[in-house]
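# Structural overview for review
Read off the chains here:
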Amino acid sequence: MNVAFLLGAAEAESGIAWGDFIFYLVMFLILLALIKKFAWGPVTDMMDKRATKIADDLDAAEDARQKATELAAQREAALKDSRTEASQIIDRAKENGKQQSAKIVEAAHVEVKTLKDNAQKDIQQERQEALDGVKNDVAELSVAIASKIIQKELSAADHKQLVDAYIEGLGKQDGNK
């Protein structure tokens with residue numbers, strides 16, 4: 001009570017309520033100590049955790065951006081390589097097509113030449129057979145005509161000699177043509 005009396009006496013002289021002032025000041029300091037102990041620590045810890053999380057998220061976003069950039073570069077390189085490879089495949093296919101075309105044309109020329117040679121051989125053989133047939137027909141016809149003209153039957157030797165002479169004459173005429 002002495003303290004209150006002294007504080008009350010001081011209040012009367014200056015017009016300031018020093019007792020209330022000191023009470024409020026002590027309560028304020030106690031409240032500050034309690035806030036610092038129970039509220040300020042957890043709030044600063046929460047703020048530090050939040051700052052760390054934001055920094056980690058920014059780092060992760062930067063890493064993801066770099067990985068996306070690298071992946072895009074890899075895809076672009078792969079696309080370029082695939083275009084180059086496709087172009088090479090097309091060029092090889094064109095070259096193979098040209099080579100096969102040349103082989104087919106060459107084979108066709110060889111086949112045509114072979115067919116032409118075979119046809120000429122067949123023509124020559126048929127011509128020879130036709131000439132032989134004509135020679136035999138002419139020989140028989142000549143003998144018949146000659147026997148009628150001579151009115152006698154030719155001997156085999158005479159007949160052979162006459163045919164050979166006639167065939168030789170035909171061969172010379174055919175050679176001139």
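Because the structure is a prediction, the values reported are computed rather than measured. (Residues numbered from 1 in each chain as written. Predicted model: local features only at pLDDT ≥ 70, side-chain atom pairs only at ≥ 80, totals over all residues. Heavy atoms only, no water.)

Moving on: the overall build of the chain. Broken down by element type, the chain carries three helices and zero strands. Its helices and strands in sequence order give the chain the pattern α-α-α, from N to C terminus. Looking at the chain as a whole, 4% of its 177 residues qualify as buried. Roughly 15400 Å² of accessible area belongs to the chain as shown, and the carbon and sulfur atoms make up 61% of that amount. (Helix = DSSP H or I, 4+ residues; strand = E, 2+ residues; numbered from the N terminus. Buried < 20%, exposed > 50% of the residue type's maximum accessible area, 1.4 Å probe, protein only. Areas by Shrake-Rupley, 256 points an atom, 1.4 Å probe, with all protein chains shown as cover.)

Of the residues in the chain, 82% have a pLDDT of 70 or more, and the chain-wide mean is 82. Mean pLDDT across the secondary structure elements of the chain bottoms out at helix 1 (residues 2–14), with 52, and peaks at helix 2 (residues 18–150), with 88. (pLDDT = per-residue confidence, 0-100.)

What follows covers the UniProt feature "transmembrane region" (unreviewed entry) in the chain. If you check UniProt for "transmembrane region" (unreviewed entry), the listed places come out as residues 22–40 in our numbering. Along residues 22–40 one finds 100% helix and 0% strand; the C-alpha atoms at either end are 24 Å apart. (UniProt positions renumbered as here; feature names shortened; annotations may be inferred.)

A few words on the pattern of salt bridges. On inspection of all chains with the given rule, the structure shows three salt bridges. In this structure, the salt-bridge partner of Lys53 is Asp57, at a minimum N-O distance of 3.0 Å. Of the two residues, Lys53 and Asp57 both sit in helix 2, four residues apart, roughly one turn of that helix. Looking at Lys53, the relative accessible area reads 43%, which means it is partly exposed. Among the salt bridges present, the one from Asp117 reaches Lys113, with a minimum N-O distance of 3.6 Å. Residue Asp117 and its partner Lys113 are located together in helix 2, separated by four residues, close to a single helical turn. (Salt bridge = Lys/Arg side-chain N within 4 Å of Asp/Glu carboxyl O.)

On the surface, Asp122, Glu126, Glu129 and Asp132 cluster together into a patch of negative charge. If you trace the backbone, Asp122 turns up in helix 2. (Patch = residues over 30% accessible without salt bridge, like charges linked within 9 Å, V, L, I, M, F, W, Y side chains within 5 Å. Lys, Arg positive; Asp, Glu negative; His and termini not counted. Charge placed at Lys NZ, Arg CZ, Asp CG, Glu CD.)

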